[in-house]
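Architecture at a glance
So the chains spell out like this:
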Amino acid sequence: MNLRPRFSLKRLLRHGRAEVRRSLQARTVALTVILTLAVAIVFSGVSMVSVRASLLTQITSQSRADYSNMVQQAQTSLDAADVSTAVQLQQLVNDLASSLQSEGSSNLIGVYLWSRDTNSRAIIPVSTEPSYQSLISDDIRSSVASDLDDSVFYQPVEIPGDSGMPGSGTPAAVLGTVLDFGVAGNLEFFAIYSYTFQQQSLTQIQLSLVVICALLSIVVGVVIWLVIRGIVRPIERVAAASETLASGNLDMRVTVDRKDELGVLQQSFNTMADALNQKIDELEEASVFQKRFVSDVSHELRTPVTTMRMASDLLEMKKDGFDPSTKRTVELLAGQISRFQDMLADLLEISRYDAGYAALDLVETDLCEPIETAVDQVDGIAQAKRVPIHTYLPNVQVLTRIDSRRVIRIVRNLLANAVDFAEDRPIEVRVAANRKAVAISVRDYGVGIDEDKVAHVFDRFWRGDLSRSRVTGGTGLGLSIAMTDALLHHGSIRVRSAVGEGTWFLVLLPRDPDQGEVADTELPVNFASETPDDLRVTGGFGVATSQVTHDYHEVRRDTMMGGPL
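So, how was this worked out
- Residues numbered from 1 in each chain as written.
- Predicted model: local features only at pLDDT ≥ 70, side-chain atom pairs only at ≥ 80, totals over all residues.
- Heavy atoms only, no water.
- Axes fitted to C-alpha atoms, helices over the stretch in contact; angles between N-to-C directions.
- Helix = DSSP H or I, 4+ residues; strand = E, 2+ residues; numbered from the N terminus.
- Left-handed = near helix turned anticlockwise from the far one by under 90°.
- Contact = heavy atoms within 4.5 Å.
- Nonpolar A, V, L, I, M, F, W, Y, C, P; charged D, E, K, R; others polar.
- Salt bridge = Lys/Arg side-chain N within 4 Å of Asp/Glu carboxyl O.
- Buried < 20%, exposed > 50% of the residue type's maximum accessible area, 1.4 Å probe, protein only.
- Pairing = 2+ DSSP bridges.
- Core = buried A, V, L, I, M, F, W, Y, C linked by side-chain atoms within 4.5 Å.
- Patch = residues over 30% accessible without salt bridge, like charges linked within 9 Å, V, L, I, M, F, W, Y side chains within 5 Å.
- Areas by Shrake-Rupley, 256 points an atom, 1.4 Å probe, with all protein chains shown as cover.
- Phe/Tyr/Trp six-rings, centres within 6.5 Å; stacked < 30°, edge-to-face > 60°.
- Lys NZ or Arg CZ within 6 Å of the ring centre and 35° of its normal.

With that settled, consider the packing of helix 8 (residues 368–384) against helix 9 (residues 404–422). The contact between helix 8 and helix 9 brings their axes to 8 Å, and the two run at 35°. Once helix 8 is placed against helix 9, the crossing between them reads as right-handed. Each of Pro370, Ile371, Thr373, Ala374, Val375, Gln377, Val378, Ile381 and Ala382 in helix 8 lies in contact with helix 9, whose residues at this interface are Ser404, Val407, Ile408, Val411, Arg412, Leu415, Ala416 and Val419. Residue composition of the contact of helix 8 with helix 9, by class: 13 nonpolar, three polar and one charged.

The following block contains the structure:
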């Protein structure tokens, strides 16, 4: 059984178009070949017209000259003839036609003689090639018959070919004049010349030009292909080296094997790679020093901060015995020390992440419990800013293997961020889950974030609005720590925001982190698109009933879509 694919011109053309679209080398070669072929065809056409006109002029002149010689020869023979009877006259005409045919040029195919004056002695028409007599048209016969000045008439004709189609025959010419035959009257003398040899020569020239055009196009295409290949190959090597360098192989270099502009490109790439490598080394070294500095400072600050905390607690215990001014000062001192401790805890947590010491303490837990704990921790701040927190939770357990401490911190940091920017509008906390993943949704309807800033919300020390008054304070590490906690669970945090419509965070975690990440198609809830300001989601949370349990936030227990988990 033959399984080889059949040749298809359409498939070949489709492949060629695809190659031309994707390859600069193929596109250049194709364009050059087409232009070369077009120029060659135009030049060949102009040349053929010129050659054809030149050949026609030449053969016409030769035919006219040969016919003039025959006319002189025939007239001389008739003038010198001494005949008296009709038989002698006919014999003379017959011999004259044979003589003219045999002594004429090689392209003479027929001689025709017949009497012009029907009232004189009758002469039977003589023709050396009767089959071509029909080529002598009535027009030229009328012109010759009515001529009184012995003029020579010329008419181009065509000898029919085998197919009988117009244009398929051989070009020819008919020449005619009148001969003076004395007592026998005048004779009409016609000669037919064939241009067969000239037509064959012209055809051979045409074939030669076609072959030359094809060969010229092929040669030009091959030459251009070799030239472009010599240019493209070094560029392809530099492009491949760039991709390798971008993938993280900083030792990638290209061989400098040219001394022209491409050699300059190769050398420039190597110089850029060296400079990039050096800069990355410097940045990595600076990053190491920075991380070490943060870790060292954080650890060194723990002792004095602890001492300050103890002193502050002692003063806090005795503040009722102080005057109002001193009491207020003690309260401010306690608040700032607490804030300092929180900042220090964030820095220590970041230093642990950087050092690679962070680890999960996974325990199968109802996901609703850490969420409620986080809401309780932020409730005081929300009340101070008069921001309602609405919590929508399922009325069944959502058992998930998580590090509760880290999940609490994730939700707390997201809520604290939402409270800062909610501007008295409510915050919604929802949960969705399926067999493989869970999703924690934190949505506010506050000021929102500009589209160009959304990508930076998880950057360290980044603040959305430096001029905004923040109750929670902080170092700008909260969202960065939340993202790191989510990544430790093999999950992620995704965010969408629109100015004037608020910000929406989705914490996506696998039900079992030991099973690795969960594909987007298997998530219970996800954003509908990658657009930073698109606040649409796919999936649902299935809210049914509600019950208010806090002054400033609600907890709603409902059944998840799809039944109990």
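Next up on the list: the pattern of salt bridges. Summed over the entire model, instances satisfying the criterion amount to 14 salt bridges. For Asp403, the salt bridge is made with Arg406, and the minimal N-O distance between the two is 3.4 Å. A salt bridge links Lys436 to Glu522; the nearest nitrogen and oxygen atoms lie 2.9 Å apart. Of this pair, Lys436 sits in the loop between strand 9 (427–433) and strand 10 (437–444) while Glu522 sits in the loop between strand 12 (502–510) and strand 13 (525–527), placing them 86 residues apart in sequence. Here Glu522 falls in the partly exposed class, since its relative accessible area comes to 32%. Where salt bridges share partners, they join Asp403, Arg406, Arg409 and Asp485 into one cluster.

For strand 10, the tally of buried residues reaches eight of eight residues, placing the bulk of the element in the interior. Here strand 10 shows two buried faces, one formed by Ala437, Ala439, Ser441 and Arg443 and the other by Val438, Ile440, Val442 and Asp444. In the sheet, strand 9 pairs with strand 10 via seven bridges, with the strands oriented antiparallel. Pairing of Val429 across the sheet is with Val442, part of strand 10. Connecting the antiparallel pair strand 9 and strand 10 is a turn made up of three residues.

Here we take up the sheet that holds strand 1 (residues 108–115). Taken in spatial order, the five strands line up as 2-1-5-4-3 in an open sheet, and their pairing is antiparallel. Two strands lie at the open edges of the sheet, namely strand 2 (126–127) and strand 3 (153–159), each paired on one side alone. As paired strands, strand 4 (residues 170–180) and strand 5 (residues 186–194) are joined by nine bridges and run antiparallel to one another. Across the sheet, the residue bridging to Thr177 is Phe189, located in strand 5. Packing against the sheet, helix 3 (residues 86–103) makes contact with strand 1, strand 2 and strand 5, and its axis sits at approximately 160° to strand 1.

Most of helix 10 (residues 478–488) sits out of view: eight of its eleven residues are buried. Regarding helix 10, the residues found buried are Leu479, Ser480, Ile481, Ala482, Met483, Thr484, Asp485 and Ala486. Among the residues trailing helix 10, His490 stands out with phi positive, at a value near 60°.

This part covers the nonpolar core. One broad trend across soluble globular proteins is that nonpolar side chains are buried collectively. Judged by nonpolar contacts, the single largest core of 41 residues is most densely connected at Leu367, Ile371, Leu415, Ile427, Phe458 and Ile493. Mapped by element, the contributors of at least two residues to this core are helix 8, strand 7 (389–394), helix 9, strand 9, strand 10, helix 10, strand 11 (492–498) and strand 12. In terms of residue count, helix 9 provides more of this core than any other element does, nine residues in total. Ignoring any residue separated from it by four or fewer positions in sequence, one finds Leu415 in contact with Ala374, Val375, Val378, Ile427, Val429 and Val442. Ranked by size, the runner-up nonpolar core spans 26 residues in total, among them Tyr67, Leu108, Val111 and Ala173.

What follows concerns a nonpolar patch on the surface. Where nonpolar side chains cluster on the molecular surface, the patch consists of Val211, Leu215, Ile218, Val222, Trp225 and Leu226 and spans about 560 Å² of accessible area. Note on placement: Leu226 falls in helix 5 (residues 196–246).

To continue, consider the packing of aromatic side chains. One pass over the full model with this rule turns up four aromatic pairs. When the centroid spacing of 6.1 Å and the interplanar angle of 90° are considered together, the rings of Trp504 and Phe527 count as edge-to-face. One end of the pair, Trp504, is in strand 12; the other, Phe527, is in strand 13, with 23 residues separating them in the sequence. Here Trp504 matches Phe527 in class, with each residue buried. The ring of Tyr392 has Arg430 lying over it, and the distance from NZ or CZ to the ring centre is 4.3 Å.

The backbone of Glu423 shows a phi angle near 55°, a positive value even though the residue is not glycine. Within the secondary structure layout, Glu423 lies in the loop between helix 9 and strand 9. When its relative accessible area of 39% is taken as the criterion, Glu423 is described as partly exposed. Positive phi, close to 70°, is recorded for Asp424, a residue that is not glycine. If you trace the backbone, Asp424 turns up in the loop between helix 9 and strand 9.

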